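The lines below spell out each chain.
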Amino acid sequence: MSPKSVSDQQFSRNLLDVLIRAGLVAVLTIYCYRVFRPFLELMLWSLILAVMLYPLQRRLAARLGHHEGRAASLIVVVGLLILMVPIYLLGTSLVDSAQGVVEVVKSGTFSVPQPPDSVAGWPLIGQPVHDLWQQAASDLSGSIQRFRPQIRELLLGLLARIAGIGTGLLLFIAALIIAGIIMAFGDLGHRSAHRIAARIVGPDRGEPLVELCTATIRTVAQGVLGIAFIQMLLVGVGFVLMGIPGAGLLALAVLLLGIIQVPATLITVPVIVYVFSSEGASLTTIAFAVYSILAGLVDNLLKPLLLGRGVDVPMPVVLIGALGGMVASGILGLFIGPIILAVGYRLFWQWVDSQPAEVGVGGPGAP
């Protein structure tokens, strides 16, 4: 047998070994993903919360004699208490409201008041709203039958939204508990993250990559929580000044909706409708409606200002990543999107700058 034939056979055996190993690794990876997939969102949320709260945990641990577990447990307990209070208030309020509606419907005393004449003078929509309102006031049952499909779709959509909010809150509570466990072993996790990043992109680029991901998570998280808190204050002040029943409870609902990235208009629009139906159209109610709408949309203005702070990439990269990630993957994508886009941006410019000097130079946007 010629040396060339022996070399070809050896190459064939080596290639077959490589293909078999690659196939086994691929099968193992796919199966591991299928097993882990039901817990993927929960673990990602836990990791995000752990990264966001870890600086607070370190400060508490220093005051508690460097007991990492005690500090993490304290954060989890306080966080659960903060969550449970508004959840309990919202739940009792919903139950009381539902019972009140059922009692009114059973008594047969529910009626729609006649619309004020000023409603017809509203620009563009005044006359249609006035006619629809008047028809509902004159023949409520007939109006309900007429718009029964639309009402059914609206109620189903509202129930689906409420169910989604409840599921999200349960997921958030479970993620907070797991995040406490992760924070208790924060030093080990930090070293592991550096080792993994160094293995993927090299020792020199591993640490900056980990710091970039950490800063992006904290910036987006602080921006989301900060914006939700500001929005709660703005909306709550308007509700209190207008004398809305349960203004504080509604403000807490706005805070929760802002955290899970649900528009605050789900709260402000029904309140505006209630104010107009009970007090009619006047300068005060119109001013309240305009203020409430603007306060409910203030997050669209604040996100570009707060989401890019503290990250070593341009703000539009973080903003596009947050908005695109939220469109693609919901609230979780709000955090994952900026991380992926920021890492891709940095790796791209590192690849550009790694070219030989005679081939080209880094662009003006290079970090």
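Residues numbered from 1 in each chain as written. Predicted model: local features only at pLDDT ≥ 70, side-chain atom pairs only at ≥ 80, totals over all residues. Heavy atoms only, no water.

Q: What am I meant to see in the overall build of the protein here?
A: The secondary structure content of the protein amounts to 13 helices and zero strands. If you list the helices and strands of the protein from N to C, you get α-α-α-α-α-α-α-α-α-α-α-α-α. In the protein, the share of contacts with a sequence separation of at least 24, taken over all contacts with a separation of at least 6, comes to 61%. As displayed, the protein has an accessible area near 22,700 Å², and 70% of this comes from carbon and sulfur atoms. (Helix = DSSP H or I, 4+ residues; strand = E, 2+ residues; numbered from the N terminus. Contact = heavy atoms within 4.5 Å. Areas by Shrake-Rupley, 256 points an atom, 1.4 Å probe, with all protein chains shown as cover.)

Q: How do you make sense of the pattern of salt bridges when you look at a structure like this?
A: Where charged atoms of side chains with opposite charge meet at close range, the side chains can pair. Tallying each qualifying case throughout the model produces one salt bridge. The partner of arginine 58 in a salt bridge is aspartate 187, with the nearest N and O atoms 3.8 Å apart. Of this pair, arginine 58 sits in helix 2 (residues 40-63) while aspartate 187 sits in helix 7 (residues 186-201), and the two are 129 residues apart along the sequence. (Salt bridge = Lys/Arg side-chain N within 4 Å of Asp/Glu carboxyl O.)

Q: When you look at the confidence of the model for the protein in this model, what are you seeing that I'm missing?
A: Caution applies to low-pLDDT parts of the model: their predicted coordinates are not meant to be read in detail. Of all residues in the protein, 77% attain a pLDDT of 70 or more, and the chain-wide mean is 77. By mean pLDDT, the top-scoring element of the protein is helix 11 (residues 283-296) (87), and the lowest-scoring one is helix 5 (residues 140-146) (64). Scored below 50 in pLDDT, residues 358-367 shows 15 contacts in the model against residues more than four places distant or in partner chains. (pLDDT = per-residue confidence, 0-100.)

Q: Sorry if this is basic, but what is going on with the packing of aromatic side chains here?
A: Ring pairs (aromatic) are described by centroid distance and by the angle formed between their planes. What the rule picks out here adds up to two aromatic pairs. On the basis of an interplanar angle of 70 degrees and a centroid distance of 5.4 Å, the ring pair of phenylalanine 348 and tryptophan 349 is categorised as edge-to-face. (Phe/Tyr/Trp six-rings, centres within 6.5 Å; stacked < 30°, edge-to-face > 60°.)

Q: So what exactly am I meant to see when it comes to helix 7 here?
A: Each turn of an α-helix holds 3.6 residues, which means side chains three or four residues apart point in the same direction. Over its 16 residues, helix 7 runs 22 Å from end to end, which matches the ideal 22 Å to within 8%, given 1.5 Å per residue. The set of residues buried in helix 7 consists of Gly186, His194 and Ala197. For helix 7, the angular spread of the buried residues around the axis is 80 degrees, confining them to a single face. For helix 7, the exposed residues lying more than 90 degrees away from the buried face are Arg195, Ile196 and Arg199. Following helix 7 by one or two positions, glycine 202 adopts a phi angle in the positive range, close to 105 degrees. (Expected span 1.5 Å × (residues − 1). Buried < 20%, exposed > 50% of the residue type's maximum accessible area, 1.4 Å probe, protein only. Arc of directions from axis to C-beta.)

Q: What is the right way to read the packing of helix 7 against helix 8 (residues 203-242) from this model?
A: For any two helices packed against each other, the geometry comes down to the angle between their axes and how far apart the axes lie. The geometry of helix 7 relative to helix 8 is characterised by a closest axis approach of 7 Å and an angle of 130 degrees between their N-to-C directions. In terms of axis orientation, helix 7 runs oblique to helix 8. Crossing angle aside, the handedness with which helix 7 passes helix 8 is right-handed. Residues His190, Ala193, His194, Ala197, Ala198 and Val201 of helix 7 form the contact with helix 8, whose participating residues are Pro203, Arg205, Gly206, Glu207, Leu209, Val210 and Glu211. (Axes fitted to C-alpha atoms, helices over the stretch in contact; angles between N-to-C directions. Parallel < 35°, antiparallel > 145°, perpendicular 65-115°, else oblique. Left-handed = near helix turned anticlockwise from the far one by under 90°.)

Q: Would you mind showing me how to read the nonpolar core here?
A: Burial of nonpolar side chains together is a common tendency in soluble globular proteins. Core analysis: the biggest nonpolar cluster contains 40 residues, and Met183 and Phe335 have the highest contact counts within it. A total of 12 residues in this core trace back to one element, the largest contributor, which is helix 13 (residues 315-353). With residues up to four places along the chain from it excluded, the contact list for phenylalanine 335 reads Trp45, Ile48, Ile217, Val220 and Ala221. Judged by nonpolar contacts, the second largest core, of 18 residues, contains Ala247, Ala253, Val275 and Ala295. (Core = buried A, V, L, I, M, F, W, Y, C linked by side-chain atoms within 4.5 Å.)

Q: Please explain a nonpolar patch on the surface as it appears in this structure.
A: On the surface, Leu64, Leu74, Val78 and Ile82 cluster together into a nonpolar patch covering about 330 Å² of accessible area. When you line up the elements, valine 78 lands in helix 3 (residues 68-107). On the basis of relative accessible area, valine 78 is assigned to the partly exposed category, the value being 39%. (Patch = residues over 30% accessible without salt bridge, like charges linked within 9 Å, V, L, I, M, F, W, Y side chains within 5 Å.)

Q: Even after reading the chapter, I still don't get helix 10 (residues 265-279), so can you show me in this structure?
A: Its 15 residues give helix 10 an end-to-end C-alpha distance of 20 Å, which sits within 8% of 21 Å, the value for a rise of 1.5 Å per residue. Of all the residues in helix 10, the buried ones are Ile267, Thr268, Val271, Ile272, Val275 and Phe276. Buried residues in helix 10, looked at end-on, bunch into an arc of 155 degrees, giving them a common side. The first or second residue beyond helix 10 is glycine 280, which carries a positive phi of 80 degrees.

Q: Could you clarify how one ought to interpret the side chain of threonine 268 in this entry?
A: Within the fold, threonine 268 resides in helix 10. Not counting the four nearest positions on each side in its chain, threonine 268 is found in contact with Val235, Phe239 and Ser292.

Q: Explanation requested: the environment of methionine 232 in the structure shown.
A: Relative to the assigned elements, methionine 232 resides in helix 8. Note: C-alpha distance between methionine 232 and alanine 253 (21 residues apart in sequence) is 8.3 Å. Filtering out sequence-adjacent residues up to four positions away, methionine 232 remains in contact with Ala251, Leu252, Val254 and Leu255.

Q: What am I meant to see in the side chain of glutamine 57 here?
A: By the element assignment, glutamine 57 lies in helix 2. The residues touching glutamine 57, leaving out its near neighbours within four places in the chain, are Glu68, Ala71, Ala72, Ile75, Met183 and Ala184.

Q: It is not clear to me how the environment of leucine 294 should be interpreted in this structure. Could you clarify?
A: Looking at the element boundaries, leucine 294 is found in helix 11. Along the primary structure leucine 294 and glutamine 231 are separated by 63 residues, whereas in three dimensions their C-alpha atoms are 10.0 Å apart.

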